[in-house]
Amino acid sequence: MSDFGVILVVEDREDDILLIKRAFKKITLPNPIQIVRDGQEAVDYLLGEGEFSNRDEHPLPSLILLDLKMPRMDGFEFLVWIRKQDEFRHLPVVVLTSSSELRDVNAAYRLGANSFLVKPHDFEQFIGLNKSLQQIWIKHGRTPDAMRPARTKQAQQQV
């Protein structure tokens, strides 16, 4: 994974988005961050649909941080979708959620999450979590290249 690969944050709560951005800024993470508000927007982003059609402005991510509880398409539904896509199934997806329920942990891993992290409530702990993310998934993790697929009628119907 490139040191400067895009991190796609899939999160609907504005306060959590601000916390994630502040924590990444505090650890001087150089990676660009793209924000989408639910699983359906994440699908649109990956496929380059609608407002995400310009790949220069919305490059494919090297890492996806995924909340579970969101409107429209939740994190579990997104995991099902992404793991069925040949072009994206290898992208690392780290669940970053408030839930610590064992059934959510088990379901996320069963559906293909690469890691499951519980959001800390304390900002300093959040900085520590982001430092760990940076070391494990951004600096040292490696993934194959992802490509935006050619859109076919069949692929459009699967969304």
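Remember, it's a predicted structure, so these values are computed and weren't measured experimentally. (Residues numbered from 1 in each chain as written. Predicted model: local features only at pLDDT ≥ 70, side-chain atom pairs only at ≥ 80, totals over all residues. Heavy atoms only, no water.)

1. Things to note about the pairing of strand 5 (residues 115-118)
1) Next: Taken together, the four bridges between strand 4 (residues 93-97) and strand 5 define a ladder with parallel strand orientation. Within strand 5, the position partnered with Thr 97 by the bridge is Val 118.
2) Next: In terms of handedness, the path from strand 4 via helix 4 (residues 102-110) over to strand 5 forms a crossover that is right-handed. (Pairing = 2+ DSSP bridges. Helix = DSSP H or I, 4+ residues; strand = E, 2+ residues; numbered from the N terminus. Right-handed = clockwise from strand over helix to strand, strands pointing away.)

2. Comments concerning the confidence of the model for the protein chain
1) Next: Summary statistics for the protein chain give a mean pLDDT of 85 and a share of 80% for residues scoring 70 or more.
2) Next: In the predicted structure, residues 152-156 sits below a pLDDT of 50 and forms one contact with residues beyond four places in sequence or in another chain. (pLDDT = per-residue confidence, 0-100. Contact = heavy atoms within 4.5 Å.)

3. Points about the packing of aromatic side chains
1) Next: In this structure the tally under the stated criterion is three aromatic pairs.
2) Next: Connected via pairs of aromatic rings, a cluster forms that spans Phe 78, Trp 81 and Phe 88.
3) Next: For the cation-ring pair, Arg 55 lies above Tyr 45, with the distance from its terminal atom to the ring centre recorded as 5.6 Å. (Phe/Tyr/Trp six-rings, centres within 6.5 Å; stacked < 30°, edge-to-face > 60°. Lys NZ or Arg CZ within 6 Å of the ring centre and 35° of its normal.)

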